[in-house]
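Residues per chain, in single letters:
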Amino acid sequence: MMTLNKKLHHKIFGMPQASRTSPLSHRRPELRSGEAGYTLVALLALMTLLAMFAAAAAPSIVQQAQREREKEAIFRGEQVAEAVRVYYKAKNLRGDTGLPTSIDQLLEGVQIPGRTKKLQILRPSAARDPLSSSGEWRLVKPRSPEILDFVRQLMVYTANVRPPTRDPQLALVQQNMAPIVVSILGLDPSNTSAQSGLSEDSTGPFIGVSSRSKRNSVITYYGIERHDQWVFTPLFR
């Protein structure tokens, strides 16, 4: 008869012990390795799809950014045109006549009779061209080739009808530009001084501004599709 100690010894040490290594444990590294392979393939496929989507969306993003800059350029350019109109009108109220000769004159404002302070007619931000690298507007002179080309394209856009100005005082400026208008109407093509107009770098009065950027536009301004051909002037608004 076994003693109690021997029974305990038999139970503890005599019985065959289960192996500490499970048969399934040999498969785990293989399964994990396979899962990692599938995960890597899926990740590569996802990255490829994302790269394709990014490449397809990139031109649209660039185009949209240019569209927003063009909208801002038109907004600022028309503010400059309005400032030219107010400047010319204020000069007439003072008994003077003449157009501005620099953007700085528009930024300084004009003195109105009966007012102690100058009337501010142009914001500093509007004095900058968002389309050109220099940020400076090109000044467009009366009788210049730039205004001639703009009016020609404008009349094509309006079915050969020259839009009149709503400001009677600026109508006098239009009369001073009569050779250009006559040439556009085809009455006397030789009677134009546009070719002798002042260049963008010369001094003298200007009737509007345009961008220095020569890029094609995303949007059109009166049917015109190039930045430097957009002329912002109060004459034909």
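Everything quoted here is computed from the prediction, not taken from an experiment.

J.: Explanation requested: the packing of aromatic side chains in the structure shown.
T.: Geometrically, a pair of aromatic rings is defined through the distance of the ring centres and the angle of the planes. Per the stated rule, a full pass over the model turns up five aromatic pairs. Each ring, one from Y157 and one from Y222, has its centre 5.7 Å from the other, and the planes form 85°; the classification is edge-to-face. In this pair, Y157 sits in helix 4 (residues 145-157) while Y222 sits in the loop between strand 3 (216-221) and strand 4 (224-226), placing the two residues 65 residues apart along the sequence. On the basis of an interplanar angle of 50° and a centroid distance of 5.9 Å, the ring pair of Y221 and W230 is categorised as tilted. You can call W230 buried: its relative accessible area is 1%. Taken together, W137, Y157, Y221, Y222, W230 and F232 form an aromatic cluster joined through their ring pairs.

J.: Help me understand helix 4 in this model?
T.: Quick reminder: α-helices carry 3.6 residues per turn. Residues three or four places apart thus point the same way. Between the first and last C-alpha of helix 4 there are 18 Å, a value that for 13 residues agrees with the 18 Å anticipated at 1.5 Å per step. Among all positions of helix 4, only I147, L148, F150, V151, L154 and M155 are buried. For helix 4, the arc enclosing every buried residue in end-on projection is 165°, short of the 170-degree limit, so these residues lie on one face. Set apart from the buried face of helix 4 by more than 90 degrees, the exposed residues are V156 and Y157. Looking one or two residues beyond helix 4, the residue adopting positive phi is A159, at roughly 60°.

J.: I tried to follow the nonpolar core on my own but got confused; where do I start?
T.: Across soluble globular proteins, you tend to see nonpolar side chains buried next to one another. With 40 residues, the main nonpolar core has I103, L106, L122, F150, V209, W230 and F232 as its most contacted residues. When residues in this core are grouped by element, the largest group, 10 residues, is from helix 2 (residues 28-93). Contacts of V209, omitting those with residues within four sequence positions, involve V80, I103, W137, R138, L139, V140, W230, V231 and F232.

J.: Is there a simple way to explain the pattern of salt bridges in this structure?
T.: Between side chains of opposite charge, pairing is possible as soon as their charged atoms come close. According to the stated counting rule, one finds five salt bridges in the structure shown. Note that D149 is salt-bridged to R152, the shortest N-O span being 3.9 Å. With a gap of three residues between them, D149 and R152 both fall in helix 4, about one helical turn apart. Between D228 and K214 there is a salt bridge; the shortest N-O distance is 3.8 Å. Of the two residues, D228 is situated in the loop between strand 4 and strand 5 (231-232) and K214 in the loop between strand 2 (208-210) and strand 3; the sequence distance between them amounts to 14 residues. Beyond isolated ion pairs, a larger network of salt bridges with shared partners links K214, R226 and D228.

J.: Looking at this structure, I do not really get the environment of G98. What am I missing?
T.: Its location among the elements puts G98 in the loop between helix 2 and helix 3 (103-108). Given a relative accessible area of 27%, G98 falls into the partly exposed group. Separated by 10 residues in the primary sequence, G98 and Y88 place their C-alpha atoms 6.3 Å from one another. Filtering out sequence-adjacent residues up to four positions away, G98 remains in contact with Y87, Y88 and K91.

J.: Any chance you could explain unusual backbone geometry here in plain terms?
T.: Among all residues except glycine, the phi angle is most often negative; among peptide bonds, the trans geometry is most common. Even without being glycine, R143 reaches a positive phi, approximately 65°. Mapping R143 onto the fold places it in the loop between strand 1 (138-140) and helix 4. Even without glycine at this site, Y222 takes up a positive phi of about 55°. A residue is classified by how much of its surface remains accessible, and Y222, at 28% relative accessible area, is partly exposed.

J.: Please clarify how the pairing of strand 3 should be interpreted in this entry.
T.: Looking along a regular strand, one sees the side chains alternate between the two faces of the sheet. Bridge analysis of strand 3 against strand 4 gives two bridges, and the strand direction is antiparallel. Among the inter-strand pairings, N216 is bridged to a residue of strand 4, identified as R226. Hairpin connection of strand 3 to strand 4: two residues between the antiparallel strands, including Y222 at a positive phi of 55°.

J.: I tried to follow the sheet that holds strand 2 on my own but got confused; where do I start?
T.: The strands making up a sheet associate through backbone hydrogen bonding, with each pair oriented either parallel or antiparallel. Judged by pairing direction, the sheet is antiparallel, and its three strands sit side by side in the order 1-2-5 without closing on themselves. Taken across any chain shown, the strands that pair with only one partner, and hence form the sheet edges, are strand 1 and strand 5. As paired strands, strand 2 and strand 5 are joined by two bridges and run antiparallel to one another. Counterpart to S210 in the pairing with strand 5 is V231.

Rules and cut-offs
- Residues numbered from 1 in each chain as written.
- Predicted model: local features only at pLDDT ≥ 70, side-chain atom pairs only at ≥ 80, totals over all residues.
- Heavy atoms only, no water.
- Phe/Tyr/Trp six-rings, centres within 6.5 Å; stacked < 30°, edge-to-face > 60°.
- Helix = DSSP H or I, 4+ residues; strand = E, 2+ residues; numbered from the N terminus.
- Buried < 20%, exposed > 50% of the residue type's maximum accessible area, 1.4 Å probe, protein only.
- Expected span 1.5 Å × (residues − 1).
- Arc of directions from axis to C-beta.
- Core = buried A, V, L, I, M, F, W, Y, C linked by side-chain atoms within 4.5 Å.
- Contact = heavy atoms within 4.5 Å.
- Salt bridge = Lys/Arg side-chain N within 4 Å of Asp/Glu carboxyl O.
- Pairing = 2+ DSSP bridges.

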